[in-house]
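Descriptive structure summary
The lines below spell out each chain.
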Amino acid sequence: MLIAGNWKMNTEANSAVELTHEVMQQASEASPVLVAICPPDPLLVLVNRSLKESRVRLGAQNMHWADSGAFTGETSSSMLQSVGCHYVILGHSERRQYFAETDQEVSKKVKKAIQSGLIPIICVGEKLDQRKSGKEQEVVAHQVKYALEGITVKSSNAVVIAYEPVWAIGTGETATPEQAQEMHLFIRGLVEKQFGNSLAAGIHILYGGSMNPTNAKDLLSQRDVNGGLIGGASLKPDSFGQIIQVAKEVS
Ligand code: PGA
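Residues numbered from 1 in each chain as written. Predicted model: local features only at pLDDT ≥ 70, side-chain atom pairs only at ≥ 80, totals over all residues. Heavy atoms only, no water.

1. Focus on the pattern of salt bridges
Across all of its chains, the model carries eight salt bridges by this definition. Of the charged contacts in the structure, one is a salt bridge between E94 and K8, with a shortest N-O distance of 2.8 Å. Taken together, the positions of E94 in helix 4 (residues 93–98) and K8 in the loop between strand 1 (2–6) and helix 1 (13–27) put the pair 86 residues apart, joining distant regions of the chain. Residue E94 is classed as partly exposed on the basis of its relative accessible area, which comes to 23%. Among the ionic pairs, R96 bridges to D103, the shortest N-O distance being 2.8 Å. By relative accessible area, which is 16% here, R96 ends up buried. Each of R95, E101 and K109 takes part in salt bridges that share partners, so that together they form one network. (Salt bridge = Lys/Arg side-chain N within 4 Å of Asp/Glu carboxyl O. Helix = DSSP H or I, 4+ residues; strand = E, 2+ residues; numbered from the N terminus. Buried < 20%, exposed > 50% of the residue type's maximum accessible area, 1.4 Å probe, protein only.)

2. Some remarks on the packing of helix 7 (residues 136–148) against helix 8 (residues 177–195)
With their axes 10 Å apart at the nearest point, helix 7 and helix 8 run at an angle of 35° to one another. For the crossing formed where helix 7 meets helix 8, the hand is right-handed. Counted together, E136, Q137, V140, A141, V144 and L148 of helix 7 and E182, M183, F186, I187, L190, V191, Q194 and F195 of helix 8 form the full contact between these two elements. The residue makeup of the contact of helix 7 with helix 8, split by class, is 10 nonpolar, two polar and two charged. (Axes fitted to C-alpha atoms, helices over the stretch in contact; angles between N-to-C directions. Left-handed = near helix turned anticlockwise from the far one by under 90°. Contact = heavy atoms within 4.5 Å. Nonpolar A, V, L, I, M, F, W, Y, C, P; charged D, E, K, R; others polar.)

3. Some remarks on the site of the ligand
The local shell around the ligand holds 13 residues, among which K8, H92, E164, G170 and S210 are the closest. At a separation of 2.7 Å, an oxygen atom of the ligand approaches a polar side-chain atom of H92. Within the contact set of the ligand, an oxygen atom lies 2.7 Å away from a side-chain nitrogen or oxygen of E164. For the ligand, whose unbound accessible area comes to 280 Å², protein coverage reaches 95%. (Near = heavy atom within 4 Å. Polar contact = N/O pair within 3.5 Å; in protein donor to acceptor, adjacent residues only side chain to side chain. Areas by Shrake-Rupley, 256 points an atom, 1.4 Å probe, with all protein chains shown as cover.)

Here it is as structure tokens:
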């Protein structure tokens, strides 16, 4: 199980350090559950310093595919690694929606992250109208296909996929456990076609979209749900801690 907090564009220096300390406490007895936090870029150095020897891993929320150069405002994989990042969230629906990020760009970023030894948390998920018209699997299959195109990995730990139905993100609406399980199984099948059975069996497929302490148990106990990508609730240490606890109970 992996429980990852996506802080999005929230916190600043003081509150980020405070939240990090609280998460470290919540995560201290969480083994075997893996815990990660993904603060905004300017706070990564500070948060990494606060994490010291903690078992909580650090992630970023985006990166560029180039090594370096004239890309004002962008961040490279080596920059993220130099400040202690293990993970990088890629293709989040907010980036696709508000920053016009395309499947092709996500694909380049995923390749770069893997080459550099960062673990991409690749986000996929359908919009409400796509689910209403029964196209959710088609949409997700397309996103997964692009994101993994030309990728080879030796271990199931090299990639994480997060299924985040867009209609459930930040809305308080959650996929039912059955909807989540159905899609996670479908995604695992897609991964199996590309990477083979044993690798697909071990890959973490996270659910994201309004996960909270109340719905976490039903979602995390689904067979193919291997953790959560948590937005809003990751900013509340008690809620995040409770979700970590639930993950521990069901793993
Ligand atoms: P949410 O966000 O938990 O606030 O719905 C999840 C995400 O966007 O990763």
